[in-house]
Amino acid sequence: MDKLKIIGGQPLCGEVVISGAKNAALPILCAGLLSAQPLHLSNMPDLQDIRTMETLLQKMGMRIERDADNYTLDGAHIASPEASYELVKTMRAAILVLGPLLARFGQARVSLPGGCAIGARPVDQHIRGLQAMGADIVIEHGYILAKASRLKGARIVADMITVTGTENLLMAAVLADGETILENAAREPEVIDLARLLVKMGAHISGIGTDTLVIQGVDQLHGAHHKVMADRIEAGTFLCAVAAAGGDVLLRQCRPDTLDAVLDKLREAGLEIEVGVDWLRARMHGRARAVSLRTSEYPAFPTDMQAQFMALASVAIGSARVTETIFENRFMHVQELNRLGADIVVEGNTALVQGVAMLSGATVMATDLRASASLVIAGLCAEGATVIERIYHLDRGYDCIEKKLSALGAQIARIT
Ligand code: EPU
């Protein structure tokens, strides 16, 4: 299993190009199931999760051509509308095939995702919404078996804000008969990116970017061209790394407009940030100040940046309270950061971080994607060598992270 070895203490300097967003690309690939005509996608990130989704779609009969970060999806020959446990257990986002399969083919067999390192993450809202649209759903032998001759528009009020839940129901509603109203919908930029693609495919959606999406179903969708939005979490991770390790970095091809809450907190920490339309420049002199935060749905502070900010707070001046409100178990990085010399105590859903002057390198273990990113940041500013094990988590969601960081001057290498 690959590991990363980092020798800390180098400031980061130079330019980095931000890749396409994993959490936009995954639902967008599933949208390829909604039409028999080709989808042309660009700015696809090179990630393990994307390859897993490709395998899943190909098993159903999707034809995929790939040329660097450009993909062409041909959904004219889907023969087997199902997602097996073997694939779903490795990537929960596979649940995103459920809505499109049911909407276009009237049936789907999708494994229940099961447990997850960061929380229980049930899919009850996805199922409840599809049932409200007339789907007949049973759970049998760990699989969701769904049928509907044609889904019918409905008014669906979600019990909680769910990103993939909103995306699944949106993809189902675009081909349903009549009007669907999704209330308490997620407003994450990735949901907006998916909605924009669906509109290009001929869907009728209003309220995009708000918590109420109104969809007039159509009989069929056509092909389209779409560029996947830039990854706001990758951008935020690089900014946190600069705030923690120091330096001067230009982020290119990013979406500063999707990063307001993160930029506010980084400025509070002392990071100097210049903002352009599609670039950001970050400079850090000296040690960061500790900043407290609370995760919440967009546009508030994202849970996917919580672990990286905890690494930053570990080396900041002062103390920070970090409260996680989205997932019940997303503090797995705390034990590992403490092995590097951080001073973090968890009380319920809040971590109290007392900044220390210096972390000290050690061997640590990645437990999930964003936890791994926090360990990379900690390693970049720790004294001596940090070895991060189980970095397959990192490969699921960060495109060439060690190459991008070493181009910025970090001493980082993959040990295979
Ligand atoms: N929830 C339910 N029932 C449901 C759906 C969600 O109880 O039917 C709960 C979840 O357990 C959680 C909360 O609602 O406590 C919010 O979960 P949500 O459904 O929004 O999360 P998700 O759609 O499964 C996406 C991202 C995550 C990101 C979250 C929150 C994708 C593929 N994944 O997950 O990304 O953390 O939204 O913003 O879009 C990551 O990239 O590292 C990652 C975990």
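Our subject is the structure listed above.
So, here is what we can say about the structure in this document. None of the values given here were measured: they were computed from a predicted structure.

A short note on the overall build of the chain
Inference 1: Check the secondary structure of the chain and you find 14 helices and 26 strands.
Inference 2: In summary, the chain has a C-alpha radius of gyration of 21 Å against a globular reference of 22 Å for 416 residues, a match within 12%.
Inference 3: Every one of the 416 residues in the chain was classed for burial, and the buried ones make up 57%.
Inference 4: Of all intrachain contacts in the chain linking residues separated by at least 6 positions in sequence, the fraction that spans at least 24 positions is 73%.
Inference 5: By element, 48% of the accessible surface of the chain is carried by carbon and sulfur atoms, the whole surface being about 15900 Å².
Inference 6: Looking at the chain, you have 40 positive and 47 negative side-chain charges, and the mean spots of the two groups are 1 Å apart.

A short note on the sheet that holds strand 3 (residues 39–42)
Inference 1: Spatially, 4-5-3-14 is the arrangement adopted by the four strands of the open sheet, whose pairing is mixed. Single-partner strands in this sheet number two, and they are strand 4 (63–67) and strand 14 (224–227). Shown here is a sheet whose adjacent strand axes are inclined to one another by a mean of 15 degrees, direction ignored.
Inference 2: Bridging between strand 3 and strand 14 involves four bridges; their strand directions are parallel. Bridging from a neighbouring strand, Leu39 pairs with Ala224 of strand 14.
Inference 3: Of the strands in this sheet, strand 4 and strand 5 (70–74) are in contact with helix 2 (residues 48–60), which crosses strand 4 at around 145 degrees.

Looking at the nonpolar core
Inference 1: Counting residues in hydrophobic clusters, the biggest one holds 76 residues, and the most contacted among them are Leu12, Leu251, Leu266 and Phe309.
Inference 2: Counting residues per element, this core draws most heavily on helix 8 (residues 232–245), which supplies 10 residues.
Inference 3: Ignoring any residue separated from it by four or fewer positions in sequence, one finds Phe309 in contact with Cys240, Val262, Lys265, Leu266, Val291, Leu293 and Phe301.
Inference 4: Within the second largest apolar cluster, 75 residues are counted, among which are Ala21, Leu47, Val88 and Ala176.

Here's the deal with the pattern of salt bridges
Inference 1: All chains considered together, the criterion is met by 21 salt bridges.
Inference 2: Here Arg109 makes a salt bridge to Glu82, at a shortest N to O gap of 3.3 Å. Separated by 27 residues along the polypeptide, Arg109 in strand 7 (residues 107–111) and Glu82 in strand 6 (residues 82–83) bring together distant segments of the chain.
Inference 3: Asp395 serves as the salt-bridge partner of Arg414, at 2.7 Å between the closest nitrogen and oxygen. Pair noted here: Arg414 is in strand 26 (residues 411–415) and Asp395 is in helix 13 (residues 392–397), with a separation of 19 residues, a long-range link.
Inference 4: Judged by its relative accessible area of 21%, Asp395 falls in the partly exposed class.

Some remarks on the site of the ligand
Inference 1: Taken together, 22 residues form the shell around the ligand, and within it Thr162, Thr164, Asp304, Ile326 and Arg370 come nearest.
Inference 2: Val163 places a polar main-chain atom, nitrogen or oxygen, 2.8 Å from an oxygen atom of the ligand.
Inference 3: Measuring from an oxygen atom of the ligand, one finds a side-chain N or O atom of Asp304 at 2.6 Å.
Inference 4: Taking 840 Å² as the accessible area of the ligand by itself, protein coverage stands at 88%.
Inference 5: At three residues, helix 5 (residues 124–132) tops the list of elements feeding residues into the shell around the ligand.
Inference 6: Residues that form the shell around the ligand fall into these classes: 10 nonpolar, six polar and six charged.

Points about the pairing of strand 25 (residues 385–389)
Inference 1: Relative to strand 25, strand 1 (residues 3–7) is paired through four bridges, and the arrangement is antiparallel. Bridging across to strand 25, Ile7 finds its partner in Ala385.
Inference 2: Relative to strand 25, strand 23 (residues 363–365) runs parallel, the two sharing three bridges. The residue of strand 25 that forms the bridge with Val364 is Ile388.

Quick look at the packing of aromatic side chains
Inference 1: This structure, assessed with the given rule, holds one aromatic pair.
Inference 2: Summarising the aromatic geometry, the rings of Phe301 and Phe309 are spaced 4.9 Å apart at their centres and angled 90 degrees between planes, so their arrangement reads as edge-to-face.
Inference 3: Over the ring of Tyr143 we find Arg109; its NZ or CZ atom is 3.9 Å from the centre of that ring.

What counts and what doesn't
Residues numbered from 1 in each chain as written. Predicted model: local features only at pLDDT ≥ 70, side-chain atom pairs only at ≥ 80, totals over all residues. Heavy atoms only, no water. Helix = DSSP H or I, 4+ residues; strand = E, 2+ residues; numbered from the N terminus. Rg over C-alpha atoms; globule rule 2.2 N^0.38 Å. Buried < 20%, exposed > 50% of the residue type's maximum accessible area, 1.4 Å probe, protein only. Contact = heavy atoms within 4.5 Å. Areas by Shrake-Rupley, 256 points an atom, 1.4 Å probe, with all protein chains shown as cover. Lys, Arg positive; Asp, Glu negative; His and termini not counted. Charge placed at Lys NZ, Arg CZ, Asp CG, Glu CD. Pairing = 2+ DSSP bridges. Axes fitted to C-alpha atoms, helices over the stretch in contact; angles between N-to-C directions. Core = buried A, V, L, I, M, F, W, Y, C linked by side-chain atoms within 4.5 Å. Salt bridge = Lys/Arg side-chain N within 4 Å of Asp/Glu carboxyl O. Near = heavy atom within 4 Å. Polar contact = N/O pair within 3.5 Å; in protein donor to acceptor, adjacent residues only side chain to side chain. Nonpolar A, V, L, I, M, F, W, Y, C, P; charged D, E, K, R; others polar. Phe/Tyr/Trp six-rings, centres within 6.5 Å; stacked < 30°, edge-to-face > 60°. Lys NZ or Arg CZ within 6 Å of the ring centre and 35° of its normal.

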